[in-house]
Amino acid sequence: MVFANIMADSCMMKASSYKIAPKASQLGWQRPNSLNRASSAKYTTAKKRFVCTASSEDKYTGLTQVVAVLGSQWGDEGKGKLVDILAQNSDLVIRAQGGANAGHTIYDEEGNKYALHQVPSGILNPKCKCVIGHGVVCYLPGLFEEIEKLEAAGVSCEGRIMLSDRAHLLFDLHRTVDGLREEALGGKKIGTTKRGIGPAYATKAFRSGARVCDLYNTAVFETRVRTMFSDAAAQFPDFDFDAEAEIEKYVALAARVKPFVGDTLAYVNEAYREGKQILVEGANATMLDIDFGTYPYVTSSSPCIGGVISGIGLAPSKFGDIIGVAKAYTTRVGSGPYPTELFGDDAEAVRAKGFEYGTTTGRPRRCGWLDMVALNYAHTINGFTSINLTKLDVLSGLKEIQLGVAYKDPATGEVTTNMPADADYLETLEVVYETLPGWEEDISKVREYADLPETAKQYITRVEELLQDNIKCSYIGVGPGRDAMVVKP
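Let me begin by describing the structure that accompanies this report. Since the model is a prediction, treat every value here as computed from it, not as a measurement.

### Section: the overall build of the chain
Phase 1 of the analysis: Check the secondary structure of the chain and you find 14 helices and 22 strands.
Phase 2 of the analysis: In the chain, the proportion of contacts linking residues at least 24 apart, taken out of those at least 6 apart, comes to 77%.
Phase 3 of the analysis: Element-wise, carbon and sulfur atoms account for 50% of the exposed surface of the chain, whose accessible area totals about 19500 Å².

### Some points on the nonpolar core
Phase 1 of the analysis: Grouped together as the largest cluster of nonpolar side chains are 71 residues, with contacts concentrated most on Leu392, Leu395 and Tyr459.
Phase 2 of the analysis: Setting aside residues up to four positions removed in sequence, Tyr459 forms contacts with Ala328, Leu370, Leu392, Leu395, Ile401, Leu403, Leu436 and Trp439.
Phase 3 of the analysis: In this structure, Tyr139, Leu163, Tyr250 and Leu253 belong to the second largest nonpolar core, which totals 47 residues.

### Here's the deal with helix H3 (residues 79–87)
Phase 1 of the analysis: Among the nine residues in H3, nine count as buried, and that is most of the element.
Phase 2 of the analysis: Buried within H3 we find Lys79, Gly80, Lys81, Leu82, Val83, Asp84, Ile85, Leu86 and Ala87.

### Structural notes on the packing of helix H7 (residues 218–235) against helix H8 (residues 243–257)
Phase 1 of the analysis: The contact between H7 and H8 brings their axes to 10 Å, and the two run at 140 degrees. It follows that H7 is oblique to H8 by the angle criterion. As H7 packs across H8, the resulting crossing turns out to be right-handed. Side by side, H7 and H8 meet where Phe221, Glu222, Val225, Arg226 and Phe229 of the first sit next to Ala243, Glu244, Glu246, Ile247 and Tyr250 of the second.
Phase 2 of the analysis: Within the contact of H7 with H8, the residues separate by chemical class into six nonpolar, no polar and four charged.

### Brief notes about the packing of aromatic side chains
Phase 1 of the analysis: Tallied over the full model, the rule gives 10 aromatic pairs.
Phase 2 of the analysis: Arranged with centres 6.1 Å apart and planes meeting at 70 degrees, the rings of Phe144 and Phe260 form a pair that is edge-to-face. On the criterion of sequence distance, the pair formed by Phe144 in helix H4 (residues 140–152) and Phe260 in the loop between H8 and strand E11 (261–262) is long-range, its members being 116 residues apart. For the pair formed by Phe144 and Phe260, the shared burial category is buried.
Phase 3 of the analysis: Through pairs of rings, three or more aromatic residues link up here, namely Phe171, Phe221 and Tyr250.
Phase 4 of the analysis: Between the NZ or CZ atom of Arg175 and the centre of the ring of Tyr139, over which it lies, the distance is 4.3 Å.
Phase 5 of the analysis: The ring centre of Tyr216 lies 5.2 Å from the NZ or CZ of Lys258, which sits over that ring.

### As for the pattern of salt bridges
Phase 1 of the analysis: Per the counting criterion, the structure on display carries 24 salt bridges.
Phase 2 of the analysis: Residues Lys79 and Glu77 are paired through a salt bridge, measuring 2.8 Å at the closest nitrogen-oxygen approach.
Phase 3 of the analysis: Lys79 sits in the buried class, given a relative accessible area of 3%.
Phase 4 of the analysis: On the basis of relative accessibility, which here comes to 0%, the residue Glu77 falls in the buried class.
Phase 5 of the analysis: The residue Lys149 makes a salt bridge to Glu145 at a minimum N-O spacing of 3.5 Å. Residue Lys149 and its partner Glu145 are located together in helix H4, separated by four residues, close to a single helical turn.
Phase 6 of the analysis: Among the charged side chains, a salt-bridge network with shared partners connects Asp76, Lys327, Glu356, Arg365 and Lys391.

### Quick look at the sheet that holds strand E13 (residues 321–327)
Phase 1 of the analysis: Strand order in the open sheet made by the 10 strands is E11-E9-E7-E4-E12-E3-E13-E17-E21-E22, with mixed pairing throughout. This sheet does not close on itself; its edge strands, each paired only once, are E11 and strand E22 (485–487).
Phase 2 of the analysis: Against the sheet, H3 touches strand E3 (66–71), strand E4 (92–95), strand E12 (278–281), E13, strand E17 (386–390), strand E21 (473–477) and E22, its axis set at about 165 degrees to E3.

### Things to note about the packing of H4 against H8
Phase 1 of the analysis: It is the contact of H4 with H8, at a shortest axis distance of 11 Å, that shows an interaxial angle of 45 degrees. In terms of orientation, H4 and H8 fall into the oblique class. Judged by the sense of rotation from one axis to the other, the crossing of H4 with H8 is left-handed. Counting all contacts with H4, which are made through Leu140, Pro141, Phe144 and Glu148, the residues of H8 involved are Tyr250, Leu253, Arg256 and Val257.
Phase 2 of the analysis: For the contact of H4 with H8, a count of residues per class yields six nonpolar, no polar and two charged.

### A look at the side chain of Arg160
Phase 1 of the analysis: Relative to the helices and strands, Arg160 is located in the loop between H4 and strand E9 (161–164).
Phase 2 of the analysis: For the buried Arg160, no salt bridge exists, and the shortest N-O distance to an oppositely charged side chain is 7.7 Å, to Glu151.
Phase 3 of the analysis: A polar contact is formed between the side chain of Arg160 and the backbone oxygen of Asn125, at a distance of 2.5 Å.

### With respect to the pairing of E21
Phase 1 of the analysis: When you tally the buried positions in E21, you get five out of five residues, the bulk of the element.
Phase 2 of the analysis: Bridge analysis of E21 against E22 gives three bridges, and the strand direction is antiparallel. Counterpart to Ile476 in the pairing with E22 is Val486.

### Some remarks on the pairing of strand E6 (residues 113–116)
When a strand is regular, its side chains alternate between the sheet's two faces.
Phase 1 of the analysis: By the alternation rule, side chains of E6 split into Tyr114 and Leu116, which are all buried, and Lys113 and Ala115, of which none is buried.
Phase 2 of the analysis: Note that strand E5 (residues 104–107) and E6 share four bridges and pair antiparallel. Among the inter-strand pairings, Tyr107 is bridged to a residue of E6, identified as Lys113.
Phase 3 of the analysis: Linking two consecutive strands that pair antiparallel, namely E5 and E6, is a turn of five residues; a positive phi of about 90 degrees is found at Gly111 within it.

### Considerations on unusual backbone geometry
Phase 1 of the analysis: That bond from Tyr295 to Pro296 is cis: its omega, 10 degrees, falls within 30 degrees of zero.
Phase 2 of the analysis: Inspection of the secondary structure assignment puts Pro296 in the loop between E12 and helix H10 (305–312).
Phase 3 of the analysis: Despite not being glycine, Asn284 has its phi angle at roughly 60 degrees, a positive value.
Phase 4 of the analysis: Here Asn284 shows up in the loop between E12 and H10.
Phase 5 of the analysis: The class for Asn284 is buried, based on a relative accessible area of 10%.
Phase 6 of the analysis: The backbone phi angle of Lys391 is positive, close to 55 degrees, even though this residue is not glycine.
Phase 7 of the analysis: Among the structural elements, Lys391 can be located in the loop between E17 and strand E18 (400–408).

Rules behind the numbers
- Residues numbered from 1 in each chain as written.
- Predicted model: local features only at pLDDT ≥ 70, side-chain atom pairs only at ≥ 80, totals over all residues.
- Heavy atoms only, no water.
- Helix = DSSP H or I, 4+ residues; strand = E, 2+ residues; numbered from the N terminus.
- Contact = heavy atoms within 4.5 Å.
- Areas by Shrake-Rupley, 256 points an atom, 1.4 Å probe, with all protein chains shown as cover.
- Core = buried A, V, L, I, M, F, W, Y, C linked by side-chain atoms within 4.5 Å.
- Buried < 20%, exposed > 50% of the residue type's maximum accessible area, 1.4 Å probe, protein only.
- Axes fitted to C-alpha atoms, helices over the stretch in contact; angles between N-to-C directions.
- Parallel < 35°, antiparallel > 145°, perpendicular 65-115°, else oblique.
- Left-handed = near helix turned anticlockwise from the far one by under 90°.
- Nonpolar A, V, L, I, M, F, W, Y, C, P; charged D, E, K, R; others polar.
- Phe/Tyr/Trp six-rings, centres within 6.5 Å; stacked < 30°, edge-to-face > 60°.
- Lys NZ or Arg CZ within 6 Å of the ring centre and 35° of its normal.
- Salt bridge = Lys/Arg side-chain N within 4 Å of Asp/Glu carboxyl O.
- Pairing = 2+ DSSP bridges.
- Lys, Arg positive; Asp, Glu negative; His and termini not counted.
- Polar contact = N/O pair within 3.5 Å; in protein donor to acceptor, adjacent residues only side chain to side chain.

Structure below.
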């Protein structure tokens, strides 16, 4: 994206003045002495205890029976935290799509940190049932590793996790193929997590994949595994795997996973009929959607509301609140166009302050300003009823904050607020920015909206003004802990 030095002068759009952002260092964002994780201690610890008083409960209990929390950017928006909060009043928390490429970091009321990948974030509520829907591709060794870590930390999983018998299995061969495929792309790498997600969804689409229920039909399971191995060997000369050893391994896993397996389609719909509170936890995000994202630099499933519906089997008419989660800035992992991206010291400064390293891979995330074109695009697709604006505290200390409000074609001068389909064309567009005043105060201890600095409230208000359909930022994240959430009145 060419934008760093595009507009020395203001450009005009609808009689308003906009400009390209100056460097963050010019705004007062100082590069830290070290970019290691220790320098981001405030995003690795959260020792405040969450006290769920009647008034704080009321902040979250006015939601509908079925609530979906979805990512609105390129993932890593902090969905797990809101899910964890809402799960305290939920009977079911459901993952609908994706796999171990998703990583949600949550904290318990004592400030202990949990990094989850396949287990839904409701696991910290002992009364909550965690459902892994049939739209997920499940890597069983990884699932059991998560369960073992949770149990070791004192979090009981027995009888609390249900895995759909219709979910497709992800094998080590998928992970190997993922790496081989990335290498074959050379300079055009997608930037996947190499967790095998794409190849697993590919075998599902080819109708050669193995589902959880196939574990208990030996002849079918063995045939499907051998077919997947022969297909991979034919495509990649360097592919070398022992199909028979994999089959033997999964015979043992089949017995171990059986207590977790169930008909989640029937279970979830029966829970709905019984009036149970259902919370759907999105994985990945809209701008990574296989259809709506910056294709081909996308994930292999649909993280949008349509994918959620098909990945669970709950009818669209049953959904009420759809909460879009967006950082107060943006991040992205992997390759692909990223219009408002910051570079160099500026990117490193926000990365360190916000602890922007992937939960799943540990990779440093690309960082940039909030992109309202992308956020409105995500709202158009998902129909958000409200926004959870996260990590507003990371912007503290800036003299000025940039807000991307439109794209401009440098060849034609045309300004648009629509998201182009062509990723290569998106790379050529310039970003039209508004400049807003920043704030110096540390807001990480603020718990009431009225106590936020006036310029922080101005930033939130401007975001709301730019959002389509009068959508409001109902939840404002000001830190990593469960209690570090401001509910906007």
